[in-house]
Amino acid sequence: MTELIVTLKKSPTSKAQTWKLTCDPPGGDHPEPKKACAQLAKQGEKAFEPIPSDAVCTEIYGGPEQGSIEGTWRGTRIQATYQRKDGCGLDRWSKVSELFGELPRVR
C-alpha cells in the first residue's frame, strides 16, 4: 500500500503546497498521480535514500525549492526531505521530481 503526503515550498517564505498521493491504483489529489507513481515504481527505495554524510557535492544551485514526503510506501514508513541547493540535492530531487511537479531545472 502506498499513501504519501507530498509537500512543496517554492521558496523558504512561500506557502507550502500539499498533495495526497496513493498508488495501486494511482490517485489522491496529486496533480499527476500516474506519473508520480510510475517514477516511484522505477526508482524503488533509491527515491528515499538520504545523501551520504561523506558525499562530495558540486556547487550547482538548482533553486530555493524544498520538499518533503511522508507516509507509507509499499508498506514501509517514509519520512524524507529534499532540496535543490547543490549537486547532491539536485540528483536526489530528480529521483522524485514527478512528486513535486514541474520546476525550472537549474538557476
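Look above for the structure.
The model shown is predicted, which means the values in this text are computed figures rather than measured ones.

Each value, and the rule that gives it
Residues numbered from 1 in each chain as written. Predicted model: local features only at pLDDT ≥ 70, side-chain atom pairs only at ≥ 80, totals over all residues. Heavy atoms only, no water. Disulfide = S-S within 2.5 Å. Helix = DSSP H or I, 4+ residues; strand = E, 2+ residues; numbered from the N terminus. Buried < 20%, exposed > 50% of the residue type's maximum accessible area, 1.4 Å probe, protein only. Pairing = 2+ DSSP bridges.

Caption draft 1: The arrangement of the state of the cysteines in detail. Applying the stated rule across the entire model yields two disulfides. For Cys-23, the disulfide goes to Cys-37, at an S-S distance of 2.0 Å. On the sign convention where negative means left-handed, the S-S torsion of about -90° between Cys-23 and Cys-37 marks this disulfide as left-handed. Note that Cys-23 is positioned in strand β2 (residues 17-23) and Cys-37 in helix α1 (residues 33-43), a separation of 14 residues in sequence. Note on Cys-37: relative accessible area 9%, which makes it buried.

Caption draft 2: Layout of the pairing of β2. In the sheet, strand β1 (residues 2-9) pairs with β2 via seven bridges, with the strands oriented antiparallel. Within β2, the residue paired with Val-6 across the bridge is Trp-19. Between β2 and strand β3 (residues 27-28), which follow one another and run antiparallel, lie three residues, and Asp-24 among them has a positive phi close to 65°.

Caption draft 3: Up close: unusual backbone geometry. The amide bond that connects Asp-24 to the next residue, Pro-25, takes the cis arrangement and shows omega of 5°. Among the structural elements, Pro-25 can be located in the loop between β2 and β3. You will see that Asp-24, though not glycine, has its phi angle at about 65°, which is positive. Its location among the elements puts Asp-24 in the loop between β2 and β3. Of the residues examined, Asp-24 reaches a relative accessible area of 66% and is grouped as exposed. Phi angles above zero are rare outside glycine, and Arg-74 is one such case at about 50°. Position of Arg-74 among the secondary structure elements: in the loop between β4 (66-73) and β5 (76-83). On the accessibility criterion, Arg-74 (48% relative accessible area) is partly exposed.

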